Amino acid sequence: MDRDTARELARRELEKPLYQRDKPSWLERMLERLGEWLRELFSHAQAPNAKGGGSAGWVSIGVIVLVVILAAALVFWLMRGGLNRRSKRDPLLDDEPSTSTDHRAEAERLAAAGEWPGAIRERLRAMARDLEERAILSPRPGRTADELATEAGAALPDLADDLRATVRIFDDVWYGDRPGSAEEYARVTAVDDRLRSTKPKALDDADPRLAEGWSSRW
């Protein structure tokens, strides 16, 4: 890989929309400083085949490529929730009364405006309310997204993997500073649609707390 290719790889990585948000996160600021350091390194790197360059040019290029790969791996890890713990403690639903219909309508409004993080969040909230409305889960203030996936997965084992995947998408866009996308919103919506048509497993096999919540509604 020559110097121009390495520079292009670094430029493409650092120009992704993730790093161009209106309010830079600490990660974006760190990557901006990394970009400045890379540009300085490029300016001092010698062409490996130039006279007098010797192995120093190749070493510089190798360092640059390694840094870019490590930076990309770090970003991927962080965006997949490697350091994100807020979804484990932040309540998914507000204290104000709402219905699953309310949240789905708001999700569609936000999606039409291209506001994907908010749209994905509202769809997940709609799932939480739907599960409570159908008494599959007992209403519980303070339930987090992670707890929703765990509790709903116990009641709806066929959807357990999809629910966990939905929460990961939510984590990435809501807490991980990712812009989200129409494709991710569509994936969350598909899980919501499946959830609406799915019945819980037999109450004898379910968590006793879930069974108690179900019987109290009927």
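Quantities reported herein were computed from a predicted structural model and do not represent experimental measurements. (Residues numbered from 1 in each chain as written. Predicted model: local features only at pLDDT ≥ 70, side-chain atom pairs only at ≥ 80, totals over all residues. Heavy atoms only, no water.)

Asker: Looking at this structure, how should I read the pattern of salt bridges?
Answerer: Charged atoms that come close allow side chains of opposite charge to pair. Per the counting criterion, the structure on display carries 18 salt bridges. Residues Glu108 and Arg123 are paired through a salt bridge, measuring 3.2 Å at the closest nitrogen-oxygen approach. Placement of the pair is Glu108 in helix α4 (residues 100–112) and Arg123 in helix α5 (residues 116–133), with a sequence separation of 15 residues. Residue Glu132 is joined to Arg129 by a salt bridge in which the shortest nitrogen-to-oxygen separation is 2.9 Å. Of the two residues, Glu132 and Arg129 are both situated in helix α5; the distance of three residues between them amounts to about one turn of the helix. Taken individually, Glu132 and Arg129 each receive the classification buried, so the pair is uniform in this respect. Through salt bridges that share partners, Arg104, Glu108, Arg123, Asp130, Arg134 and Asp192 make up one connected network. (Salt bridge = Lys/Arg side-chain N within 4 Å of Asp/Glu carboxyl O. Helix = DSSP H or I, 4+ residues; strand = E, 2+ residues; numbered from the N terminus. Buried < 20%, exposed > 50% of the residue type's maximum accessible area, 1.4 Å probe, protein only.)

Asker: Honestly, the nonpolar core in this entry has me stumped. Any pointers?
Answerer: Counting residues in each nonpolar core, the largest one holds 31 residues, and the members touching the most others are Leu124 and Leu131. Of all the elements in the fold, those that place two or more residues in this core are α4, α5, α6 (145–155), α7 (160–175) and α8 (182–196). Ignoring anything within four residues of it in the chain, the contact list for Leu131 reads Ile136, Leu137, Leu148, Ala152, Leu156 and Leu195. (Core = buried A, V, L, I, M, F, W, Y, C linked by side-chain atoms within 4.5 Å. Contact = heavy atoms within 4.5 Å.)

Asker: What should I look at first to understand α4 in this one?
Answerer: Residues spaced three or four apart along an α-helix point in a common direction, a consequence of the helix completing one turn every 3.6 residues. Compared with an ideal rise of 1.5 Å per residue, which puts 13 residues at 18 Å, α4 spans 18 Å between its outermost C-alpha atoms and is within 8% of the ideal. Residues of α4 that are buried include every one of Ser100, His103, Arg104, Ala107, Leu110 and Ala111, and no others. Looking straight down α4, one finds that the buried residues subtend no more than 125° of arc, so they occupy a single side. Among the exposed residues of α4, those oriented more than 90 degrees off its buried face are Thr101 and Ala112. Of the residues one or two after α4, Gly114 is the one with positive phi, at around 75°. (Expected span 1.5 Å × (residues − 1). Arc of directions from axis to C-beta.)

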